[in-house]
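Close look at the chain arrangement
If you want the building blocks of each chain, they are given just below.
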Amino acid sequence: MHLYNLTLQPPTAITQAIVGNFSGARQQEIIVSRGTRLELLRPDVQTGKVSTVIASDVFGSIRSLAVFRLTGGTKDYAVVGSDSGRIVILDYDPKTSSFVKVHQETYGKSGARRIVPGQYLAVDPKGRSLMIAAVEKAKLVYILNRDAAANLTISSPLEAHKNNALIHHIVGLDVGFENPVFAALEVDYSESDQDPTGEAFNNAEKMLTYYELDLGLNHVVRKWSEPTDPRANLLVQVPGGQLGSSDRYDGPSGVLVCCEDHIIYRHMDAPQHRVPIPRRRHPLEDPDRGLIITAAVMHKMKGAFFFLLQSEEGDLYKVTIEHDEQDVRALKIKYFDTVPIASSLCILKSGFLFVAAEFGNHQLYQFQKLGDDDNEPEFSSTSYSSFGMADPSSPLPRAYFHPRGLDNLTLVDELESLDPIVDAKVLNILPNSDSPQIFAACGRGARSSLRMLRHGLEVEEVVSSDLPGIPNAVWTTKLKEDDPFDSYIILSFVNGTLVLSIGETIEEVQDTGFLSSAPTLAVQQIGADALLQVHPHGIRHVLSDRRVNEWRVPDGKTIVSATTNKRQVVVALSSAELVYFELDLDGQLNEYQDRKAMGSTVLALSIAEVPEGRQRTPYLAVGCEDQTVRIISLDPESTLETISLQALTAPPSAICIADMLDAGINKISPTTFVNIGLQNGVLLRTVLDPINGQLTDTRTRFLGTRPIRLIRVAIQRNPGILALSSRSWLNYTYQNLMHFTPLIFENLDYAWSFSAELCPEGLIGISGSVLRIFQIPKLGTKLKQDSIPLSYTPRKMITHPANGYLYLIEGDHRVMGEDAVQAKLAEIRQKGQKVDEDVLNLPAEVFGRPKAPAGTWASGIRIVDPVNARTVNFIPLDNNEAAFSVAVVSFSARGGEQMLVVGTAKDTFLAPRSCSSGFLRTYKIINDGQDLELLHKTETNDVPLAVLGFQGRLVAGVGKALRLYDMGKKKLLRKVENKTFSSAIVTLATQGSRIIVGDMQESIFYVTYKPPENRLLVFADDSQPRWISSATMVDYNTVAAGDRFGNVFVNRLDSKVSDQVDDDPTGAGILHEKGVLAGAPHKTVLLAHYHVGDIVTSINKVSLVAGGREVLLYTGLHGTVGILVPFISKEDVDFISTLEQHMRTEQGSLVGRDHLAWRGYYVPVKAVVDGDLCETFARLPATKQSSIAGELDRTVGEVLKKLEQLRVTASGF
Amino acid sequence: MDKQPSLPWYGHYPKICKPTYTHVSHTQSSELRYTANTQLEHLHARYTGTGHADLTKYEWLTHQHRDTLSSIVGHPTLLSYLSIADGEATGRVKFEMVERMLQPCGPPPAKDD
């Protein structure tokens, strides 16, 4: 087996974000790390929409990002710390729209290790140096400078190591132009490692240490080190230093030390200031719980600065420092607003706040005000004795605020994110859909959602209206060449034409010069200010003064097909003749003296737009009934001569020539594509050679069951093609690469571009008798999302085989269930205390739920109707029970009735795993699946993490035990048990009498059930330990699984062993066989292994295209959706593996990680080709492309075609 | 020290990085052993976590846990995974992981001499 890995949807989580002027223009951009990808986002200041400029796979794990600018520079650089053991400085080149590696310095081993730097990055605010640190000990300082040619230079590293020191955070101090200083938050463990009494551990101090880089001596010294709060976790830079022009100080310099419950201002030789972090006054608050700051951002404005700090609850605090030159007078903190918990916060100079959420959708907010003069209570260090530092070891009295809705910020844009995908199922349940949908259980806590993902572009309908009849075509047209918007909509019916004018309203107009008594074949704004209508009996040339020049078809003939552009018109007559017209310099339409006889009925015609600065386009494509397409010259030298001919497999139904940019073929100028739609629903795309008019590089794609119609449209001012069949597809250029994606919209019969003031980049289409105006808001996305909100973090979901509903279990740790909340409130009320209803009723999806101590759970079972995207029912679990597994089981003891079994546990603790009691809840599915009736609860001694129906009974993984249960009257009856599993059973799958058990730590076990002896026997296992996160059976002997470190692998059992086990009636043979490697008697063989870089949370074996092959579709925690496609032939394997090898050498990773080492992070990559790497072939420079293609004995086009074919046949994407 | 490490997920948690062992053969001549030992000391100073012949169970375990904890902090997906399981913010999980690195396996056993 050989697999091809393709990522359909790259990870959508943002682990870090930085803001800067990366393109060197005045506009600010945001660079985000998506774990294994770097993206440059550009927020539009006018519309507030965030768009992706470039996205690049780095083939490594990004751990830290920082931004710096050299003194006097105008452009920002990004520094990337990763697991490559190298520091990389990236520059964004707006010309080629790519990241350019400016420097790559190796300092250590690869991998996210304890003492290899890469975890933390800090830069000097003046861009003179940077520090990169590890979690323990190692800190390296690099000096940044310019050489004579003003290029960025980087020095060799200077060590600032401290042995036995754990590093919590580092930050660059703002010291102006004095020697750069870095502050680190460190703890020394050497003493606590030696002291058996534990006293040293209790007294361990967290030190705030300053490291000064002496630029003169080229040396780093530990300048200052003082103990600070032992629960400090984060440092924030405070502005300082003098401006060059004046003596004034920007700020006091130093750092904010964010601790549990407190913020401390700290600087060398300066008094400390301490303020409490205000808490929500919530009746359900856990008073023992501290509050920490998890994200922070400092913003400098003219002559002022402030901080926004975010607590782990999502509350933003505005922190200000009152200072007199370098002396701090007061540190003040107040509640600002509440936004989703962020992994990074970015403030843009244009007044936006970008919140890269740690889970769920990312948000862009606009500042309305800065909370300067509101009634929010402010807490100042001056109101405490000695600025709050009278007794640093005891906490300050707690400060409280009242959470409320957004006041200072407004939401302007949201970036959809699937992160985290906890479970997913691939099903095709939508009516009239030929490709399956992915149902992904996403999100965490109250922001969770169940999302339905469909392949296709989202379409936003602007307006739709019913028409009196069924039109067969629609056009829009401007009146003059330089009009910004369209003025007319022309609808063609079987026996007439209707013209509508676009204004305040859309209404019919009569005196347009268009013939209304006949259908229309083509409409064109021609020349400077004239219009053209082609109808079956002639061509009407409507001049600007409404005079009409008409060309009439000779008697007995009609026009069957027409194509037009701004200067040329070609019509085909029913006599299979072509007539060619061209606009002369006076604006007169002149017929070419000869007509061209084609010999076969013409079915379709197309000419391209007139290239800029030219008189005409030189080629005409003609599709004839004899199943050919001919390219005919329109050049004055050889007018109407046939240049080339292509044979087809079916009669053509439409042709469309368009000049589109595809960087895979030509990096600079657009390529001329001839798209040929056939009557059998197949689309051929060929490239027209601009020199000799030959057709090359044909690619085919099946679009649908109806004859194809092709329409040239404008997509964001670039040419695109709409292909209409039984589904509508859009072919467009996005980020210089060609995309071909279906539209998720009603079937269209005809469509055209539409541009009006309210909808400048829209499309207009007809479906049946309805006219629809729509636009495509999210170009570049391949999956459309529809979501259903959930209450708690989804854990698992299951489909019912008969009723089509999804049963989903949700649960949140450290959250009180609804019954516990009510009990606690009643208790408070009984004590006579008042309950603040306002705070209680705050929406949980914004403010989250109050945190409860460990071991507290809120959970429930949800029934979802996926077709109508709604929740049918929600059954909360009470008594601190939480659901962990779910299955639909048809019990043969109940005549095969399907029951829902939910594995739950009460008072569950995660570490170490314990519960007061586990339960298997058996529910009767009533009311056509819309409701559940609890039949009984069966107690278990451990958490049932996996349940599954098996041969009319239930098989359950209860902690370390695998058990078989049968239905009983009062509870489930335990029939047989196997307790040989080592840690905990997390997945179950079955076929026949075989059960595949995934263990939390020890990989996959093959178990067989022998009914005569009532035995569950483990007969095979894996030779390696694996922390299984998901597993699925590929066939009877093969299993594909993902583990917790981001690997996906395929194991197979020898078929001889399989047969032998199946043939043994009692299992006595297996029982007495000798174990191998302290395990089962047989071992599985590793067939394929691949490091995805994201934790695989579900694997589904599905076929994504109608009639296509089955592939393995996996989802990753950070929002990845990918597929593993088995290769069909040995040649393909050889070809693609060789291409991958070449790509590895040509396409270096952006973070400097070796590709082979990355894909073989834990276990060497085996029998899997990285399709994402291969597909970057399209982005390589042309010379490299041709040299690689040469080595493979192919042309560049053939390589690209092969790659596209692999993608399209497997996924349809 | 026999205390189960308590990470917020079921059961044990992964030991990701194995400590590197440097074997010193006992058949070497004393002189050679001397130079090898200085090399070893150098290695130990340079590469924290390197094992040696006299490594105690406590030291080995502490190294394992510190390696694991730092690996969790260093892999964004693992950090997300644990924080979803535990219902805490990733920032909190990261902080608690680094805090725990100070003494992941309790105080060292008393020396009996």
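My aim in this report is to walk through the structure given alongside it, one point at a time. (Residues numbered from 1 in each chain as written. Chains lettered and ligands numbered in written order. Predicted model: local features only at pLDDT ≥ 70, side-chain atom pairs only at ≥ 80, totals over all residues. Heavy atoms only, no water.)

Quick look at the interface of chain B and chain A
- In this assembly, 54 residues from chain B lie in contact with 69 residues from chain A.
- Note on chain B versus chain A: buried area summed over both sides is about 5,200 Å², and carbon and sulfur give 58% of it.
- Put simply, chain B and chain A have ten salt bridges between them.
- For the interface between chain B and chain A, the tally reads 21 residue pairs in polar contact (both at pLDDT 80 or more).
- Those elements that provide at least two residues to the side of chain B that touches chain A are helix 1 (30–46), helix 2 (57–74), helix 3 (76–86) and helix 4 (90–100) of chain B.
- Each residue belonging to the side of chain B that touches chain A can be placed in one class, and the counts come to 25 nonpolar, 18 polar and eleven charged. (Contact = heavy atoms within 4.5 Å. Buried area = accessible area lost by both parts, 1.4 Å probe. Salt bridge = Lys/Arg side-chain N within 4 Å of Asp/Glu carboxyl O. Polar contact = N/O pair within 3.5 Å; in protein donor to acceptor, adjacent residues only side chain to side chain. Helix = DSSP H or I, 4+ residues; strand = E, 2+ residues; numbered from the N terminus. Nonpolar A, V, L, I, M, F, W, Y, C, P; charged D, E, K, R; others polar.)

Structural notes on the packing of aromatic side chains
Residues and elements named next belong to chain A.
- Applying the stated criterion across every chain, the model contains 22 aromatic pairs over all chains.
- Their ring planes at 25 degrees and their centres at 5.5 Å tell us that Phe 68 and Tyr 77 sit as a pair that is stacked.
- Look at Phe 68 and you get buried, because its relative accessible area is 3%.
- Note on Tyr 792 and Phe 874: the rings are 6.4 Å apart at their centroids and 45 degrees apart in plane angle, and the pair reads as tilted. Note that Tyr 792 is positioned in the loop between strand 67 (783–789) and strand 68 (794–799) and Phe 874 in strand 71 (residues 870–877), a separation of 82 residues in sequence.
- Each member of the aromatic cluster is reached from another via a ring pair, and the members are Trp 1027, Phe 1045, Trp 1158, Tyr 1161 and Tyr 1162.
- Above the plane of the ring of Tyr 1036 lies Arg 994, whose end atom (NZ or CZ) is 3.9 Å from the centre. (Phe/Tyr/Trp six-rings, centres within 6.5 Å; stacked < 30°, edge-to-face > 60°. Buried < 20%, exposed > 50% of the residue type's maximum accessible area, 1.4 Å probe, protein only. Lys NZ or Arg CZ within 6 Å of the ring centre and 35° of its normal.)

Remarks on the pattern of salt bridges
- Tallied over the entire structure, the rule returns 86 salt bridges over all chains.
- A salt bridge links Glu 461 of chain A to Arg 772 of chain A; the nearest nitrogen and oxygen atoms lie 2.6 Å apart. Separated by 311 residues along the polypeptide, Glu 461 of chain A in strand 38 (residues 460–466) and Arg 772 of chain A in strand 66 (residues 770–775) bring together distant segments of the chain.
- For Arg 772 of chain A, a relative accessible area of 10% translates into the label buried.
- With a closest N to O distance of 3.1 Å, Arg 595 of chain A and Glu 591 of chain A form a salt bridge.
- Among the residues examined, Arg 595 of chain A registers a relative accessible area of 31% and is labelled partly exposed.
- By relative accessible area, Glu 591 of chain A is classed as partly exposed at 31%.
- Salt bridges linked by common partners bring Lys 206, Arg 231, Glu 260, Arg 289, Glu 312 and Arg 814 of chain A together with Asp 86, Glu 88, Arg 92, Glu 96 and Glu 99 of chain B together as one network.

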